[in-house]
Amino acid sequence: MTTARLATWNINSVRTRLDLVDRFIDEESPDILCLQETKVQDHMFPVKFFAERGYEHAALAGQKSYHGVATFSRIPFENRGRRDWCGKGDARHVEVVLPGDVALHNFYVPAGGDEPDVAVNDKFAHKLDFLDEMTMWSEDLPGDGRHILVGDLNIAPLEQDVWDHKKLLRVVSHTPVEVERMKTLQEAHNWHDVMRQFVPDDEKLYSWWSYRAKDWRTANKGRRLDHVWVSPALKHTPRSMRVVEEARGWERPSDHAPVLVEFEF
C-alpha cells in the first residue's frame, strides 16, 4: 500500500516562480508534484533544484517559451515519456508509472483563445480536436486499468465551477460545446472527478482567478480549470483534497492555485 500526497499546479513559468514552488514544497511537502505551463526546454529545466529537495525522479516535456509539463516525485516511477497530441509537437502531456502499476498522466489542454467559434478561431478548433483525441485515447484504456489524470484541462464543466454560469456561457472554458466535450471524455473511461468527491456539485469550487481583478479574493470571480480524475479501479483511493488558495495570494503568483490530493493505493 502506497500513501502519496499529489499536487497539480499550473505554475505559469517555473523559472519565474521557483521561489513559490520552494515555498509550496516547504509548507505542503507533496510526494508528487505535477506542473503545467512550465515554459522551458528540457535541457534548461531547473532539475537540480527539485533533486535537492528530494524529488529525484523527473519526467519532463518542455518547449521554448510555451506550454510544457513536468512531473517530479520522491516516489520512484517509470517514465513513459511524452505523447504528441494532434501532431503539433506541443509539450502537453507526460506519463509515469508509480508503484502498484498506477499510471499518472499530467496534461495541459489548450486554452482555446478568446472566441468560441472554430470557423474564426484556430485555437478553439485545436482545443476541441485535442479533447476528441483524449476521448479516443480514454476509450482504448483497459477497463480495469489504474490511471490518474491530472492537470490544467482549461474547462470548468459544472455551473458551480464558475462565478456566474449565465455570464460565462459564451466565454471560452465554460461554453456548452466544451462542457459537452468534457462530459464525453469523462464517459469514455468512466473517469471519476476526485475534487467533486470532496466538494458537492452544488458548492462553488475554483482553482483559477484572473490577473485582471485588483483584489482577486474579494471579487472571487474564479473558475475550476484544474482537475484530478481517476479510473474506476482507483475510485476509492483518494483520502483528501484541497485547493491551496493561499498560494494565489503570494507575491507574483500564478493565476492558478495548486490542487492537493492524498491517495492510498
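Residues numbered from 1 in each chain as written. Predicted model: local features only at pLDDT ≥ 70, side-chain atom pairs only at ≥ 80, totals over all residues. Heavy atoms only, no water.

Peer 1: Would you take a moment to explain the overall build of the chain for this structure?
Peer 2: Summing up its helical and strand segments, the chain has six helices and 14 strands in all. Relative to the globule expectation of 18 Å for 265 residues, the C-alpha radius of gyration of the chain, 17 Å, shows essentially globular dimensions. If one aligns the C-alpha atoms of the chain with their principal axes, the spans along those axes are about 45 × 45 × 35 Å. Scored against the burial criterion, the 265 residues of the chain give a buried share of 57%. For the chain, contacts bridging at least 24 residues in sequence account for 68% of all contacts bridging at least 6. Carbon and sulfur atoms make up 45% of the accessible area of the chain, which totals about 11,700 Å². In the chain, which carries 35 positive and 44 negative side-chain charges, the distance between the mean positions of the two groups comes to 5 Å. (Helix = DSSP H or I, 4+ residues; strand = E, 2+ residues; numbered from the N terminus. Rg over C-alpha atoms; globule rule 2.2 N^0.38 Å. Buried < 20%, exposed > 50% of the residue type's maximum accessible area, 1.4 Å probe, protein only. Contact = heavy atoms within 4.5 Å. Areas by Shrake-Rupley, 256 points an atom, 1.4 Å probe, with all protein chains shown as cover. Lys, Arg positive; Asp, Glu negative; His and termini not counted. Charge placed at Lys NZ, Arg CZ, Asp CG, Glu CD.)

Peer 1: Honestly, the packing of aromatic side chains in this entry has me stumped. Any pointers?
Peer 2: Centre distance and the angle of the planes are the two values used to describe a pair of aromatic rings. On inspection of all chains with the given rule, the structure shows 14 aromatic pairs. Note on W137 and W191: the rings are 6.2 Å apart at their centroids and 25 degrees apart in plane angle, and the pair reads as stacked. Here W137 is found in helix α3 (residues 122-140), whereas its partner W191 is found in the loop between α4 (176-189) and β9 (192-193), with 54 residues between them in sequence. Given the relative accessible area of 10%, W137 is considered buried. Residue W191 is classed as buried on the basis of its relative accessible area of 5%. A network of ring pairs unites the aromatic residues W85, F107, F130, W137, W191 and W229 as a single cluster. Across from the ring centre of W85, 4.3 Å away, lies the NZ or CZ of R83, which sits over that ring. Sitting over the face of the ring of W163, K221 holds its NZ or CZ atom 4.6 Å from the ring centroid. (Phe/Tyr/Trp six-rings, centres within 6.5 Å; stacked < 30°, edge-to-face > 60°. Lys NZ or Arg CZ within 6 Å of the ring centre and 35° of its normal.)

Peer 1: How do you make sense of α4 when you look at a structure like this?
Peer 2: Every α-helical turn comprises 3.6 residues, leaving residues that sit three or four positions apart pointing alike. Over its 14 residues, α4 extends 21 Å from the first C-alpha to the last, a length consistent with the 20 Å expected when each residue adds 1.5 Å. Taken together, the buried positions of α4 are occupied by E178, M182, L185, Q186, A188 and H189. Along the axis of α4, the buried residues cluster in a sector spanning 155 degrees; they form a single face. Opposite the buried face of α4, by more than 90 degrees, sit the exposed residues P176 and E187. Summarising the contacts, the buried residues of α4 are in contact with α3, β8 (147-152), β9 and β12 (226-230). Count one or two residues on from α4 and you reach N190, which has phi positive near 55 degrees. (Expected span 1.5 Å × (residues − 1). Arc of directions from axis to C-beta.)

Peer 1: Is there a simple way to think about the pairing of β12 in this case?
Peer 2: Consecutive side chains of a regular strand alternate in pointing toward one face of the sheet and then the other. Counting buried positions over the five residues of β12 gives five, a clear majority of the element. Where burial is concerned, the two faces of β12 agree: the one with D226, V228 and V230 and the one with H227 and W229 are both buried. Pairing of β9 with β12 involves two bridges; the strand directions are antiparallel. Opposite D193, over in β12, you have W229 as the bridge partner. (Pairing = 2+ DSSP bridges.)

Peer 1: Please explain the pattern of salt bridges as it appears in this structure.
Peer 2: Pairing between side chains of opposite charge can happen when the charged atoms of each approach one another. A complete count under the given rule lists 21 salt bridges for this structure. A salt bridge links E262 to R5; its shortest N-O distance comes to 3.9 Å. Pair noted here: E262 is in strand β14 (residues 259-264) and R5 is in strand β1 (residues 3-10), with a separation of 257 residues, a long-range link. One salt bridge connects R53 with E52, and the closest N-O pair in it is separated by 3.7 Å. Residue classification places E52 among the exposed positions, given a relative accessible area of 55%. (Salt bridge = Lys/Arg side-chain N within 4 Å of Asp/Glu carboxyl O.)

Peer 1: Can you help me understand the sheet that holds β1 in this one?
Peer 2: Pairing between the strands of a sheet is mediated by backbone hydrogen bonds and can be parallel or antiparallel. Taken in spatial order, the six strands make up an open sheet running β3-β4-β2-β1-β14-β13, and their pairing is mixed. Edge strands, defined here as strands with exactly one partner in the open sheet, are β3 (57-61) and β13 (238-243). Averaged over all pairs of adjacent strands, the angle between their axes in this sheet comes to 10 degrees, without regard to strand direction. In this sheet, strand β2 (residues 32-36) lies alongside β1 in parallel orientation, the contact comprising five bridges. Bridged to A7 within β2 is L33. In the packing of helix α1 (residues 18-28) onto the sheet, contacts are made with β1, β2, β13 and β14, and the angle to β1 comes to roughly 155 degrees. (Axes fitted to C-alpha atoms, helices over the stretch in contact; angles between N-to-C directions.)

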